[in-house]
Amino acid sequence: TQVRVIASPEATVAAAPASARKVSEDNDLYVFDYSYPAAAAAIPALKASLDTDLDKQKSELVASATVDRKEAQKNDFPYHPYSRGYDWQVVTDTPGWLSLSSMVSTYTGAAHPNYWFDTILWDKQADQRPDPLGDQFINDQLVRPARRIHVQAADRHHLQTAGQIGSDARRA
């Protein structure tokens, strides 16, 4: 007897949609937060890159916090838990590109935490993060107009700021 299996459209199981990822840990040694959106998780190579970065960021945090807490205890100095956080958000999602931005925060026991922004521009067709110093940004025909626009915008900003500072100084 031969058994023949025929898949019907109703029996076809669609792949589950990608899910956002959020890791949050808070203990006496450290506070760690790392998240990325479903749009990033839907791209396997980008998801793998973010998961690798998550592991790296957490490992570095735990290692430095462990060493510094031992030093603090050895020197009878209070230890305050270290922290690190990445919160990746979609800036724009087009058929060819996914742009992400994150406010990054770190705290290593000093007077205040530090904050900065990080970005990821993902080329969906090449399935990779392009080299920011690569050909697409070095080509002078592409750079010249962008540089001109940037300089004009910076000039306008400086003129506006100078005008505001001047008017504030006159009011004082």
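So, here's what we can say about the structure. Predicted, not measured: the structure shown is a model, and the values here were computed from it.

1. A few points about the nonpolar core
Consideration 1: Within the largest apolar cluster, 24 residues are counted, with the highest numbers of intra-cluster contacts made by Tyr34, Leu46, Leu50, Trp88 and Leu100.
Consideration 2: Looking at this core, the elements that each hand over two or more residues are β2 (30–36), α1 (38–41), α2 (44–74), β3 (82–93), β4 (97–107) and β5 (114–123).
Consideration 3: Here this core gets six residues from one element, more than from any other, and that element is α2.
Consideration 4: In this structure, Tyr34 is in contact with Arg21, Lys22, Val23, Leu50, Asp53, Leu54, Gln57, Tyr86 and Trp88, ignoring residues within four places of it in sequence.

2. A short note on the packing of aromatic side chains
The geometry of two aromatic rings is summed up by the distance between their centres and the angle between their planes.
Consideration 1: One pass over the structure, following the stated rule, counts four aromatic pairs.
Consideration 2: Ring geometry for Tyr34 and Tyr86: centres 5.4 Å apart, planes at 35°, overall tilted. Highlighted residues: Tyr34 in strand β2 and Tyr86 in strand β3, separated in sequence by 52 residues.
Consideration 3: Three or more aromatic residues joined by ring pairs make a cluster, and in this case those are Phe32, Tyr34, Tyr86 and Trp88.

3. What about the side chain of Gln57?
Consideration 1: With respect to the element layout, Gln57 can be found in helix α2.
Consideration 2: With relative accessibility at 8%, the residue Gln57 sits in the buried group.
Consideration 3: Engagement of the side chain of Gln57 in a polar contact is seen with the side chain of Arg84, the distance being 2.9 Å.
Consideration 4: Excluding residues that lie within four positions of it along the chain, Gln57 makes contacts with Phe32, Tyr34, Arg84 and Tyr86.

4. A short note on the pairing of β4
Consideration 1: With ten bridges connecting them, β3 and β4 associate as antiparallel partners. By the bridge assignment for β4, Trp88 is matched with Ser102.
Consideration 2: In textbook terms, the turn of a hairpin is the stretch between consecutive antiparallel strands, and for β3 and β4 this stretch comprises three residues.
Consideration 3: As judged from the ten bridges shared by β4 and β5, these two strands associate in the antiparallel manner. Each bridged residue has a counterpart across the sheet, and for Met103 the counterpart in β5 is Phe117.
Consideration 4: Remark: six residues form the turn of the hairpin made by β4 and β5, two consecutive strands paired antiparallel; Gly109 in that turn has positive phi of roughly 90°.

The rules behind each value
- Residues numbered from 1 in each chain as written.
- Predicted model: local features only at pLDDT ≥ 70, side-chain atom pairs only at ≥ 80, totals over all residues.
- Heavy atoms only, no water.
- Core = buried A, V, L, I, M, F, W, Y, C linked by side-chain atoms within 4.5 Å.
- Buried < 20%, exposed > 50% of the residue type's maximum accessible area, 1.4 Å probe, protein only.
- Helix = DSSP H or I, 4+ residues; strand = E, 2+ residues; numbered from the N terminus.
- Contact = heavy atoms within 4.5 Å.
- Phe/Tyr/Trp six-rings, centres within 6.5 Å; stacked < 30°, edge-to-face > 60°.
- Polar contact = N/O pair within 3.5 Å; in protein donor to acceptor, adjacent residues only side chain to side chain.
- Pairing = 2+ DSSP bridges.

As far as function goes, none of this settles anything; it's purely spatial.
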